[in-house]
Amino acid sequence: EDQVTQSPEALRLQEGESSSLNCSYTVSGLRGLFWYRQDPGKGPEFLFTLYSAGEEKEKERLKATLTKKESFLHITAPKPEDSATYLCAVQPVYGQNFVFGPGTRLSVLP
Amino acid sequence: GAVVSQHPSWVICKSGTSVKIECRSLDFQATTMFWYRQFPKQSLMLMATSNEGSKATYEQGVEKDKFLINHASLTLSTLTVTSAHPEDSSFYICSAREGGRYTDTQYFGPGTRLTVL
């Protein structure tokens with residue numbers, strides 16, 4: 001069965017304190033891995049798509065990396081506006097549906 | 001680009017009434033649209049997948065007669081919650097996948113908060 005786990009469940013950082021979020025997955029063939037940001041009461045906002053091990057993508061203070069078993073979302077010098085829930089999802093090669101992880105709730109304190 | 005809208009953003013209705021939620025892809029054609037449900041502090045739960053011009057595919061445990069999905073065009077899908085009851089109260093989110101390119105990224109709408117009294 002395809003599964004996605006994310007750790008930590010919640011993370012509290014001071015402004016400027018860099019850290020990483022983890023997304024571990026088991027899937028029978030990976031078509032793509034996706035990162036989203038979700039603010040309370042809103043729909044997820046697309047961040048990155050990663051397709052193959054070794055691939056990296058960057059956007060402002062965020063950098064996503066992918067290995068054969070996990071992905072990391074690195075946050076460099078975060079700001080309070082980076083506070084949100086970060087969701088990871090995988091798409092197996094055999095289908096179009098995503099399997100979502102439970103998310104990591106990030107709080108960045110000023 | 002890749003903007004998805006939902007309407008209404010919130011709705012309150014009485015038990016037994018039906019509610020329709022619209023999902024539109026504003027700047028691209030969506031060959032596939034997805035409907036999710038999200039409970040507080042939980043992740044997204046896929047309810048159904050709809051392809052333009054064909055019947056929706058529902059996930060196990062989702063009542064197709066209660067949650068009617070219509071994907072009438074490449075830019076519009078609707079979810080109708082029929083005979084709504086308080087347990088149907090939730091946050092409903094749609095997403096759309098752009099067809100014709102090598103990308104499976106789903107772009108999400110802002111969500112609809114449904115409260116059934």
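Thresholds applied
- Starting from 1, residues in each chain are numbered consecutively following that chain's sequence as written.
- Chains and ligands are labelled sequentially in the order written, the chains with letters from A and the ligands with numbers from 1.
- Only residues with pLDDT of 70 or above have their local features reported here, since the model is predicted, and side-chain atom pairs are shown and tallied only from 80 upward, although totals for entire chains, interfaces and linings are computed over all residues.
- Note: side-chain values were computed over all heavy atoms of the structure, leaving out hydrogens and water.
- Where helices and strands are cited, they refer to DSSP runs of H or I of at least four residues and of E of at least two residues respectively, numbered from the N terminus.
- Two things to know: the radius of gyration comes from C-alpha atoms, and the globule rule equals 2.2 Å times the number of residues to the power 0.38.
- For each residue, the accessible area found with a 1.4 Å probe, counting protein chains only, is set against the maximum for its type, and the residue is called buried under 20%, exposed over 50%, and partly exposed in between.
- Contact definition: two residues touch when any of their heavy atoms are within 4.5 Å.
- Here the Shrake-Rupley method, with its probe set to 1.4 Å, supplies the accessible areas, and only the displayed protein chains count as covering residues.
- In what follows, a disulfide is any cysteine sulfur pair within 2.5 Å.
- Strands pair, by our definition, only if DSSP identifies at least two bridges between them.
- An axis is simply a line fitted to the C-alpha atoms; with a helix, the fit covers only the stretch in contact. Between two such axes, the angle follows the N-to-C directions and lies from 0 to 180 degrees.
- Only rings of Phe, Tyr and Trp enter the pairing, Trp through its six-membered ring, and a pair is recorded when the two centres are within 6.5 Å. The plane angle decides the type: under 30 degrees is stacked, over 60 is edge-to-face, the rest tilted.

Caption draft 1: Quick look at the overall build of chain A. Secondary structure assignment for chain A yields zero helices and eleven strands. In chain A, the succession of α and β elements from N to C terminus is β-β-β-β-β-β-β-β-β-β-β. Whereas a compact globule of 110 residues would reach a radius of gyration of roughly 13 Å, chain A reaches 13 Å, a difference of no more than 12%. The burial tally for chain A puts 45% of its 110 residues in the buried class. Partitioning the contacts of chain A with sequence separation of at least 6, the portion at a separation of at least 24 is 55%. Accessible area for chain A stands at about 5300 Å²; split by element, carbon and sulfur atoms hold 48% of it.

Caption draft 2: Main features of the side chain of B:T32. Turning to its location among the elements, B:T32 is positioned in strand β4 (residues 30-38). Judged by relative accessible area, which is 1%, B:T32 ranks as buried. Once residues lying within four places of it in the same chain are set aside, the contact partners of B:T32 are A:Q96, B:T49, B:S50, B:N51, B:H71, B:S95, B:A96 and B:R97.

Caption draft 3: A look at the state of the cysteines. All chains considered together, the criterion is met by two disulfides over all chains. Here A:C23 engages in a disulfide with A:C88; their sulfurs sit 1.9 Å apart. Judged by the sign of its S-S torsion, about -55 degrees, the bond between A:C23 and A:C88 is left-handed. Of this pair, A:C23 sits in strand β3 (residues 19-26) while A:C88 sits in strand β9 (residues 84-92), placing them 65 residues apart in sequence. With respect to burial, A:C23 and A:C88 carry one shared label: buried. With its sulfur 2.0 Å from that of its partner, B:C23 forms a disulfide with B:C94. Here the disulfide of B:C23 and B:C94 is right-handed, its torsion about the S-S bond being about 80 degrees. Taken as a pair, B:C23 in strand β3 (residues 19-25) and B:C94 in strand β9 (residues 90-98) lie far apart in primary sequence, 71 residues in all. Comparing B:C23 with B:C94, the two get one shared label, buried.

Caption draft 4: A look at the sheet that holds strand β7 (residues 62-66) of chain A. Residues and elements named next belong to chain A. Spatial strand order, β1-β3-β8-β7-β6: five strands in an open sheet with antiparallel pairing. Here the strands that pair on one side only, and so sit at the sheet edges, are β1 (3-7) and β6 (56-59). In this sheet, neighbouring strand axes are inclined to one another by 15 degrees on average, regardless of whether the strands run parallel or antiparallel. Both β3 and strand β8 (residues 70-75) contribute to a ladder of six bridges, which runs antiparallel.

Caption draft 5: Main features of the pairing of strand β4 (residues 30-38) of chain A. All names here are of chain A. The element β4 is largely enclosed, with a buried count of seven among its nine residues. Of the pairings in the sheet, the one linking β4 to β9 comprises eight bridges and is antiparallel in character. The partner of F34 across the bridge, within β9, is A89. With antiparallel pairing between neighbouring strands as the criterion, β4 and strand β5 (residues 45-50) make up a hairpin whose turn holds six residues, including G41 at a positive phi of roughly 75 degrees.

Caption draft 6: Focus on the packing of aromatic side chains. Per the counting criterion, the structure on display carries eleven aromatic pairs over all chains. Measuring from ring centre to ring centre gives 5.9 Å for A:Y36 and A:F46, while their planes differ by 65 degrees; the resulting arrangement is edge-to-face. Of the two residues, A:Y36 is situated in strand β4 and A:F46 in strand β5; the sequence distance between them amounts to ten residues. When its relative accessible area of 0% is taken as the criterion, A:Y36 is described as buried. Judged by relative accessible area, A:F46 falls into the partly exposed class, the value being 23%. Arranged with centres 6.3 Å apart and planes meeting at 45 degrees, the rings of B:F67 and B:Y92 form a pair that is tilted.

Everything listed is a geometric property; what it means functionally is a separate question.
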